[in-house]
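Structural characterization, general
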Amino acid sequence: MQSHHGPYHDADRGSKMRLPLELNPLKFAESRKEEVCQMLRNMSSTMHQRKLMHQSLPNHMRRRAMSYDARRLPRKFRHVHKAQFSKSGVSEKKKRPSRKFRRKPKNLLKEYERRKRTFVWMETHVWHAKRFHMTSRWGYKIPLTPCNKSYRSSYKATTKHCLLYDMSYEGCVEVSGEEPVLREGFRRLCSDRVGLTVTAKAYMAGQRAGYVWLYEDGAYPYNCLGRVRIVWRSSRSTDDEDDAQRRTVWMFAHPSFYRQLVEQLVKVFKLKNALRKTNDTLEDITRNPADIRCPRYRSKSSGVEVVELKDTLNRFHLTGPLSHATIVKTFRLFDPPEQTSPTDRTWFNDFIESTPKGKKILTHQANYWADIKDLTSPGEISPGEVIALIVQDPRLNRPNYRTKALPGVPARYDFTEGVPAETVKPRAIRSYSPLWDGPTRKRITEEMKTTHELNRFRKVETLVPGELCVSDTRLQPLPILLLQTPGSQDAGYKRLGYGAGWDVIVPGGYGLAVWHSLVIWGAKAVGQQELNMIALESGHDRSGVPDTLLGRDEATHKHQQSLDRYFKRPNNKRVNYTKLAIASPFRCPWSQLVREWNGGSKDDGPEQRPYFVVRDLETLVQLRLALDRKFNIQSIDLSPDALIPVLLTLKTRGNPGDNAIICLPNRSDFRSNKQNRLSSMHGPVYVEPVRKDPHGTERLALRAQHLRTLKRLRNRRIREKKRLQRAKPGVLVRIPKANNRALVEEQLKRMADLWLPATPATVRNQCTRECFGYMTQGGFSLSEGTVNGIGYVTAKGLVKLFKICTKGKLKLLVRGTRTRGYRFATMRIAC
């Protein structure tokens, strides 16, 4: 090796020296050996090392991923890197499994089971999750609204086509016992003044299903539980005395009050839980282990038995004129073979053998279904009719692509040859179904062939694509129950039959198969928001009734959502409701409103004023006559705690939206309205003057003080850190994070109370017009072409409105929560 020629200046010696012309590599490596070994020992050692292994490498060898991926380091340094991370307590980041691995069927099912632990999934959940916005409500994952535009198309489906919704989250309660005992028990839970009760003659025959309002034991008209869908089990024949004495009824209840309904049934019929030793309190009786599928409660003295069938039945709701044709196309009646081999026996063979009149019953049901299958709308059938059918597996009757089911041209509408005489047929056996038998339902679910097994058999046995194979003919039949839903019965408000449809009840396991068939035959699937739209169009409040458990739960949920959304905005982007004179913009304080109209004040006490919604049919009819100036409202015995349900229609432009206030008009408002109509103006009849915000200055001062406090605490922590750093030089000092959570939460609570007080000072006199009600739901009605709303008003406020409006139609003022303009609206009683 040649060295550089010329003298070399050595600074240590202060003179020039000449380097040797040659260098011995072996001698040089021998002299540097100890230095290289010491460097390697220092790099591999973790003692007295301030930097991590990947931080000690030269810059050209460093990679950003080295901090969490050991494979980026050279092999000889990886064990040091892993040792350092294990001592620091930081777990090494594992690689996420590939999507191909995660989408394997067994891994996918495991992932689904893990995600089901918190919220219950319906059988159609996976189908909905791919196409809908999902939400968590009442312990279930339910579809909220489709991902595509659906408002106008959903309305068209209810008027011209077929709309489909999965209501399987509503739990079923089976109550069975002797008829006199059931009559006495249900008499305490409902009232005949509201309408037909559970034990009404029209329902108990099992030929009709209906809706019934239930209350707590002996609490009518207060403490309403909610509205349930009931259907009685029909006997095989009227001559069977034992079957006539032992009766069974199914009650489909919303999950918001399902548990309360079971508790009330246990309390009324004095039932005990056979699986529990302690039956002292109601909580002990109704508490069951998680592995019990269908809890049972019995009474040895009365013989009444209550069985919880929650999550064991699928219930699909169809609405629209084509819903009948969709069901006809989806379900094909089962034609039993003449001979069945022992290996191909299903539950149907045992049912025929155990039922003496089984073939006769099926023949009557098939003949009746053949007579009505050509109807153009379900509204043509008797309201609430129950039809039981045994059909083929719906997977055998699907088109290759989505097809709209249309009714044929029935001969019944051809009146040129005269109307044929209707033959009298037995009605009792139309609704008799093996679906009522618990062991049969369980066997149907267990013996169901999955779609994977069916496709595997078809792959081997099918010679011509699309044709039935041997395994298809051996599939077990499916029992279903059809419950007719009556539509509009008031032609003065909505056209007759609007909202009519069917409820399809199928056993567990077949939910997704039936759902796919209904969708592929043209039904449009919707979510919760579309159901609220249908409720507004039909004028029936579905989830906002103030005195029910569902109404209170929904009001609390929406109030919390609106508050969170409101306080996430910056101060200059929030609507100042104090200036708009809106006391409660996100919920309706019914208790305070009723208390103030009854002469009470805020200082009366924190207890809630009891109130109830009027459902007495006689009272509602009298109120409707009073609105038509045919009855004196003073003659109606209205309770001061009553809330009257009303349907509102705005006379001019404007959409007040939900939680709009309903106020009493003044004489000047009528004059202003008359002037606006003469001059063709569409503005509000009165504009609320802007109020001053008394808490504005206080909020600014409180916010400035809070920021100063946080800054002072931060400076204190910085000084503490610097003091510790000076005490331990060369050591990285860490101090705990600031514990300001309680301080921040207290500040948020105080600021929220200054923006929106939890308990407003007054509700009745919150603005210059007296408030006597709220519009719980409002929006544009596509069927009427106007802005409609569903609301509730106090009894005394309605009486005062009659004194103000002495002639003509009653008009009241409606104002939205985000505007200062009042607009006139007409009202009608919601029955």
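The following refers to the structure shown.

1. Remarks on the overall build of the protein
- For the protein, the helix and strand inventory stands at 26 helices and 26 strands.
- Taking 831 residues into account, the globule formula puts the C-alpha radius of gyration at 28 Å, and the protein, at 37 Å, lies well above it.
- Across its three principal axes, the protein shows a C-alpha extent of roughly 135 × 85 × 60 Å.
- Residue burial in the protein is summarised as follows: out of 831 residues, 45% are buried.
- Intrachain contacts of the protein at a sequence separation of at least 6 include 73% that bridge at least 24 residues.
- Accessible area of the protein: about 46,800 Å², with a carbon and sulfur share of 52%.
- Side-chain charges of the protein comprise 150 positive and 82 negative groups, with the mean position of each set lying 12 Å from the other.

2. Topic: the state of the cysteines
- This model, assessed by the stated rule, comprises zero disulfides.
- Just so you know, Cys767 is unpaired, no disulfide at all, and the nearest cysteine sulfur is the one on Cys663, 4.2 Å from it.
- Judged by its relative accessible area of 6%, Cys767 is buried.

3. Focus on a nonpolar patch on the surface
- Together, Val36, Met39 and Leu40 make up a nonpolar patch on the protein surface, roughly 260 Å² of accessible area in all.
- Locating Val36 in the fold gives a position in helix 1 (residues 25–44).
- By relative accessible area, which is 42% here, Val36 ends up partly exposed.

4. Some points on the pairing of strand 6 (residues 163–166)
- The alternating pattern of strand 6 places Leu163 and Tyr165 and Leu164 and Asp166 on opposite faces, both of which are buried.
- Summarising the sheet, strand 6 and strand 14 (residues 313–319) pair through four bridges and their orientation is antiparallel. From the neighbouring strand, Tyr165 faces strand 14, where its bridge partner is His317.
- Across two bridges, the pairing between strand 6 and strand 18 (residues 524–525) is parallel.

5. A few points about the pattern of salt bridges
- Counted by the stated rule, this structure contains 39 salt bridges.
- Arg741 serves as the salt-bridge partner of Glu745, at 3.3 Å between the closest nitrogen and oxygen. Residue Glu745 and its partner Arg741 are located together in helix 25 (residues 741–755), separated by four residues, close to a single helical turn.
- For Arg741, a relative accessible area of 63% corresponds to the exposed category.
- The closest approach of N and O atoms between Glu770 and Arg764, which form a salt bridge, is 2.8 Å.
- Residue classification places Arg764 among the buried positions, given a relative accessible area of 18%.
- In the salt-bridge network here, residues are joined through shared partners; they are Arg345, Asp350, Glu353, Arg443 and Glu447.

6. Section: the packing of helix 6 (residues 151–159) against helix 19 (residues 528–538)
- The geometry of helix 6 relative to helix 19 is characterised by a closest axis approach of 10 Å and an angle of 55° between their N-to-C directions. Here helix 6 lies oblique to helix 19, going by the angle between them. For the pair helix 6 and helix 19, the sense of crossing is right-handed. On helix 19, the residues that touch Tyr151, Ser154, Tyr155 and Thr158 of helix 6 are Glu530, Met533, Ile534 and Glu537.
- Looking at the contact of helix 6 with helix 19 residue by residue, the classes come out as four nonpolar, two polar and two charged.

7. Quick look at the sheet that holds strand 5 (residues 140–146)
- Spatially, the three strands line up as an open sheet ordered 3-5-4, and their pairing is mixed. Edge positions in the sheet fall to strand 3 (120–121) and strand 4 (132–137), since each of these pairs with one other strand and no more.

8. What about helix 23 (residues 667–678)?
- With twelve residues, helix 23 should cover 16 Å at 1.5 Å per step; its first-to-last C-alpha distance of 17 Å lies within 8% of that length.
- Those residues of helix 23 lying buried are Asp669, Ser672, Asn673 and Asn676. The arc that holds the buried residues of helix 23, viewed along the axis, is 100°, so those residues lie on one side. Counted as exposed and oriented over 90 degrees from the buried face of helix 23: Arg671, Gln675 and Leu678.
- Packed against the buried residues of helix 23 are strand 22 (686–687), strand 25 (811–815) and strand 26 (821–829).
- Just downstream of helix 23, Ser680 is the residue with a positive phi angle, here 55°.

Each value, and the rule that gives it
Residues numbered from 1 in each chain as written. Predicted model: local features only at pLDDT ≥ 70, side-chain atom pairs only at ≥ 80, totals over all residues. Heavy atoms only, no water. Helix = DSSP H or I, 4+ residues; strand = E, 2+ residues; numbered from the N terminus. Rg over C-alpha atoms; globule rule 2.2 N^0.38 Å. Buried < 20%, exposed > 50% of the residue type's maximum accessible area, 1.4 Å probe, protein only. Contact = heavy atoms within 4.5 Å. Areas by Shrake-Rupley, 256 points an atom, 1.4 Å probe, with all protein chains shown as cover. Lys, Arg positive; Asp, Glu negative; His and termini not counted. Charge placed at Lys NZ, Arg CZ, Asp CG, Glu CD. Disulfide = S-S within 2.5 Å. Patch = residues over 30% accessible without salt bridge, like charges linked within 9 Å, V, L, I, M, F, W, Y side chains within 5 Å. Salt bridge = Lys/Arg side-chain N within 4 Å of Asp/Glu carboxyl O. Pairing = 2+ DSSP bridges. Axes fitted to C-alpha atoms, helices over the stretch in contact; angles between N-to-C directions. Parallel < 35°, antiparallel > 145°, perpendicular 65-115°, else oblique. Left-handed = near helix turned anticlockwise from the far one by under 90°. Nonpolar A, V, L, I, M, F, W, Y, C, P; charged D, E, K, R; others polar. Expected span 1.5 Å × (residues − 1). Arc of directions from axis to C-beta.

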